[in-house]
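Listed below are the residues making up each chain.
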Amino acid sequence: MENDLEAMAAALEASGEYQVLRRLRPRTYIAEVPPGERTWRGLVLDVETTGLATDDEIIELAMVPFTYGRDGTIFNVGDGFERLREPAKAIPHEISQLTGIDASMVAGCEIGAEEVANFVSEVDLVIAHNADFDRNVVERSFPIFRDKPWACSLTQVPWKEEGFAGVRLGQLLNSCGLFHGAHRAGDDCRAVIELLARPLPKSGVSAMSRLLDAARVESIRIWASNTPFEQKDKLKARGYKWIDNTPAQGKAWVIDVCESLLDDEMSYLRSEIYRRDSIQIPLARVTAYDRFTDRATWI
């Protein structure tokens, strides 16, 4: 039966009139580890929550570990950690519709901090497909994540430069001729690993290789506070993110840039946003250990 279906799919594709999506079949083995090569342990993480704010409650946590080499080659995928949790408030109807998780599924369920810590303790890098959200959510409940370096498969892989039309997980999979059971955390984790393991269409290197390159770079965080209100659209379009309550600067527009672009960015702020040269703009150094958080080392 499966061979017949594949033959039909191949015939449709050969016509040039159809594109066929195949269900993602998660792999446990991807590549052989070369003799004597050191490997690292990565972890893809995803959470489902009661809402879209970082202070909403976790209702599902999934983590899938894998091994990788320094060049980004992914070798093996391990057994996942998938747990449900009963929140203090009711799961909104729209969240249940989106995730398929309802009150009956999470009744009496908990996620123990010690269990999570044991699973994460040997991990060298945590990856999420929106680390700005996921990191802040899980750090509130599981302190071990504060001590780990993080990377973001959404923002730290140049998907659009490589020819992908969109960067949402489903869009990326569809571009590869795949689909999966979206909005369940474990399925999303395995989908991210499959995408990271594949070569990118233009450069030919794996997405994981590009992700590691970005994660290893130390960047400079610029805190543009007290900017004129009428400049907000320009800042947003340039990639700045509004933060309501930063630890040291209060409300500010924030962006991370590589050090080579710092002078150009400071010149832009002084000439186009503040329109004066005398303004003092706070700066901080950011690494994978504090990226996607409000923490940073002030310069």
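Parameters and conventions
Residues numbered from 1 in each chain as written. Predicted model: local features only at pLDDT ≥ 70, side-chain atom pairs only at ≥ 80, totals over all residues. Heavy atoms only, no water. Pairing = 2+ DSSP bridges. Helix = DSSP H or I, 4+ residues; strand = E, 2+ residues; numbered from the N terminus. Expected span 1.5 Å × (residues − 1). Buried < 20%, exposed > 50% of the residue type's maximum accessible area, 1.4 Å probe, protein only. Core = buried A, V, L, I, M, F, W, Y, C linked by side-chain atoms within 4.5 Å. Contact = heavy atoms within 4.5 Å.

Thoughts on the pairing of strand S12 (residues 283-286)
Alright, step 1. Bridging between strand S9 (residues 219-224) and S12 involves four bridges; their strand directions are antiparallel. Following the sheet pairing, Ile222 is matched in S12 by Leu283.
Alright, step 2. Where S12 meets strand S13 (residues 297-298), two bridges bridge the pair, whose relative direction is antiparallel. Residue Arg285 lies in a different strand from S13, and its bridge partner there is Thr297.

Overview of helix H1 (residues 2-14)
Alright, step 1. Here H1 is 13 residues long and its end C-alpha atoms lie 18 Å apart, about the 18 Å a rise of 1.5 Å per residue gives.
Alright, step 2. Directly after H1, the chain includes Gly16, whose backbone phi takes a positive value near 80 degrees.

Observations regarding unusual backbone geometry
Alright, step 1. In the Ramachandran plot, Asn130 falls in the positive-phi region, its phi being about 155 degrees despite a non-glycine side chain.
Alright, step 2. Of note, the phi angle at Phe292 is positive, near 70 degrees, even though the residue is not glycine.
Alright, step 3. Within the secondary structure, Phe292 is located in the loop between S12 and S13.
Alright, step 4. Its relative accessible area of 9% is what places Phe292 among the buried residues.

Quick word on the nonpolar core
Alright, step 1. The biggest cluster of nonpolar side chains holds 34 residues, and the ones touching the most others in it are Phe66, Ile74, Ile127, Leu196 and Met208.
Alright, step 2. A per-element tally of this core places helix H7 (residues 185-197) first, with eight residues.
Alright, step 3. Setting aside residues up to four positions removed in sequence, Met208 forms contacts with Phe66, Tyr68, Gly72, Ile74, Leu125, Ile127 and Leu196.
Alright, step 4. Ranked by size, the runner-up nonpolar core spans 23 residues in total, among them Met63, Ala131, Val138 and Trp150.

A few points about the environment of Ala103
Alright, step 1. Structurally, Ala103 is set in helix H3 (residues 103-106).
Alright, step 2. Among the residues examined, Ala103 registers a relative accessible area of 54% and is labelled exposed.

Any functional reading would require information beyond the geometric quantities listed.
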